Amino acid sequence: EAGVTQFPSHSVIEKGQTVTLRCDPISGHDNLYWYRRVMGKEIKFLLHFVKESKQDESGMPNNRFLAERTGGTYSTLKVQPAELEDSGVYFCASSQQGAGGYTFGSGTRLTVV
Amino acid sequence: EDKVVQSPLSLVVHEGDTVTLNCSYEVTNFRSLLWYKQEKKAPTFLFMLTSSGIEKKSGRLSSILDKKELFSILNITATQTGDSAVYLCAASRYGGSQGNLIFGKGTKLSVKP
């Protein structure tokens, strides 16, 4: 089966611009998660979708971040406007309902200059 | 604040050596502990440990959880160069989103030929 796919793999944008990251989970996985790793820090949870609904968005840093999962398939994470501290690697993961293991994507490296 | 601490941060060994990676946690409503291997991009799932004292094995890798002392170890025997990676430990909690994982910073393992 195809894994979790994220794109772009790397994005470089200027401060103040908008960037949209996309995640395609494994087909049939209801759960979709976004995480972020800032350089030198741990991977941090951002939010969790169950199908198209936000189950937990307690990790979202602020209102410059908007995640959507229309139709319960792929998800997008938009950062608007981007700030320097938003730089990092954004990971997406998916899992089946009730399953404990999470399959991660390769991540999108975001660099804000 | 919930936290997961991994040690060492970095480790260099030679092929054939046995290594032990450590993960300690202080997590409210602890549910399970997960180990991941991150080689280049996507973290890949290794183990999920929920019960104390039960060793899980997969080839040369094994892991065990001690819920009394709040730690887990990941053992790799007869290491190979292909074991070189960052090994991530993460804890999940009851009561919130299952995907709201608390990650450690990881242990970077380098296996020299």
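The paragraphs below set out a description of the structure included in this document. The model shown is predicted, which means the values in this text are computed figures rather than measured ones.

All right, on to the pairing of strand β11 (residues 108-112) of chain A then. Residues and elements named next belong to chain A. Going residue by residue along β11, you find Thr-108, Leu-110 and Val-112 tucked away on one face and Arg-109 and Thr-111 left uncovered on the opposite face. Here strand β2 (residues 10-13) runs beside β11; their pairing, made up of four bridges, is parallel. The residue of β11 that forms the bridge with Ser-11 is Leu-110. Pairing of strand β9 (residues 88-95) with β11 involves three bridges; the strand directions are antiparallel. Looking at the pairing, Tyr-90 lines up with Thr-108 of β11.

In this section: the interface of chain B and chain A. The accessible area lost on association of the parts is a frequent measure of interface size. The interface is formed by 18 residues belonging to chain B together with 20 residues belonging to chain A. Here chain B and chain A share an interface that buries about 1700 Å² over both sides, 55% of which is from carbon and sulfur atoms. Run the count over chain B and chain A and you get zero salt bridges. The interface formed by chain B and chain A holds four residue pairs in polar contact (both at pLDDT 80 or more) in total. The residue inventory of the side of chain B that touches chain A, partitioned by class, reads nine nonpolar, six polar and three charged.

Below, the discussion takes up the pairing of strand β9 (residues 85-93) of chain B. Residues and elements named next belong to chain B. With respect to burial, β9 is a largely interior element, eight of its nine residues being buried. Here strand β4 (residues 30-38) pairs with β9 via eight bridges, running antiparallel. Looking at β9, one finds that Tyr-36 is bridged to Leu-88. Pairing geometry for β9 and strand β11 (residues 107-112), over three bridges, is antiparallel. Note that in β11 the partner of Ala-85 across the bridge is Leu-109. Bridge count between β9 and strand β10 (residues 102-103): two bridges; the pairing is antiparallel. When the sheet's bridge partners are listed, Ala-91 is paired in β10 with Ile-102.

Using the criterion set out here, one finds two disulfides over all chains in the structure. Here Cys23(A) pairs with Cys92(A) through a disulfide, and the sulfurs are 1.8 Å apart. Linking Cys23(A) and Cys92(A), the disulfide has an S-S dihedral of approximately -65 degrees and is accordingly described as left-handed. Residue Cys23(A) is found in strand β3 (residues 19-24), and its partner Cys92(A) is found in strand β9; the two are separated by 69 residues along the sequence. The exposure class assigned to Cys92(A) is buried, which follows from its relative accessible area of 0%. Covalently, Cys23(B) is tied to Cys89(B) through a disulfide, its sulfur atoms 1.9 Å apart. Across the S-S bond of Cys23(B) and Cys89(B) the torsion is about -65 degrees, and the bridge reads as left-handed. Taken together, the positions of Cys23(B) in strand β3 (residues 19-26) and Cys89(B) in strand β9 put the pair 66 residues apart, joining distant regions of the chain.

Residue and element names in this part refer to chain A. Residue position: Ile-26 is located in the loop between β3 and β4 (31-37). With a relative accessible area of 4%, Ile-26 lands in the buried category. Between the alpha carbons of Ile-26 and Gly-3 there is a distance of 5.5 Å; along the sequence they are 23 residues apart.

All names here are of chain A. Reading across from one edge, β1-β3-β8-β7 is the order of the four strands in this open sheet, with antiparallel pairing throughout. What marks the edges here is a single partner per strand, and that holds for β1 (5-7) and β7 (65-68). In this sheet, adjacent strand axes meet at a mean angle of 15 degrees when their direction is disregarded. Judged from the four bridges that link them, β7 and strand β8 (residues 75-79) form a sheet pairing that is antiparallel. Of the residues in β8, the one forming a bridge with Leu-66 is Lys-78.

Glancing now at the layout of surface pockets. Roughly 580 Å³ of internal volume is contained in the largest pocket. If you trace the largest pocket, you find 26 residues lining it, with Arg37(A), Val89(A), Phe91(A), Arg109(A) and Gln38(B) closest to the centre. Every element with two or more residues in the lining of the largest pocket is listed here: β9 and β11 of chain A together with β9 and β11 of chain B. Looking at side-chain class alone, the lining of the largest pocket contains eight nonpolar, ten polar and eight charged residues. Lining the second largest pocket are 15 residues, and of these Lys44(A), Glu1(B), Asp2(B), Leu101(B) and Ile102(B) sit closest to its centre. Counting only elements with at least two residues in the lining of the second largest pocket, the list comes to β5 (43-50) of chain A together with β1 (3-7) and β10 of chain B. In terms of residue count, β5(A) provides more of the lining of the second largest pocket than any other element does, three residues in total.

Each value, and the rule that gives it
Residues numbered from 1 in each chain as written. Chains lettered and ligands numbered in written order. Predicted model: local features only at pLDDT ≥ 70, side-chain atom pairs only at ≥ 80, totals over all residues. Heavy atoms only, no water. Buried < 20%, exposed > 50% of the residue type's maximum accessible area, 1.4 Å probe, protein only. Helix = DSSP H or I, 4+ residues; strand = E, 2+ residues; numbered from the N terminus. Pairing = 2+ DSSP bridges. Contact = heavy atoms within 4.5 Å. Buried area = accessible area lost by both parts, 1.4 Å probe. Salt bridge = Lys/Arg side-chain N within 4 Å of Asp/Glu carboxyl O. Polar contact = N/O pair within 3.5 Å; in protein donor to acceptor, adjacent residues only side chain to side chain. Nonpolar A, V, L, I, M, F, W, Y, C, P; charged D, E, K, R; others polar. Disulfide = S-S within 2.5 Å. Axes fitted to C-alpha atoms, helices over the stretch in contact; angles between N-to-C directions. 1 Å grid on protein atoms, 1.4 Å probe; cavity = no way out; pocket = protein on both sides within 12 Å on 5 of 7 lines; lining within 4 Å. Points joined across faces, edges and corners; volume = space filled by probe spheres on them.

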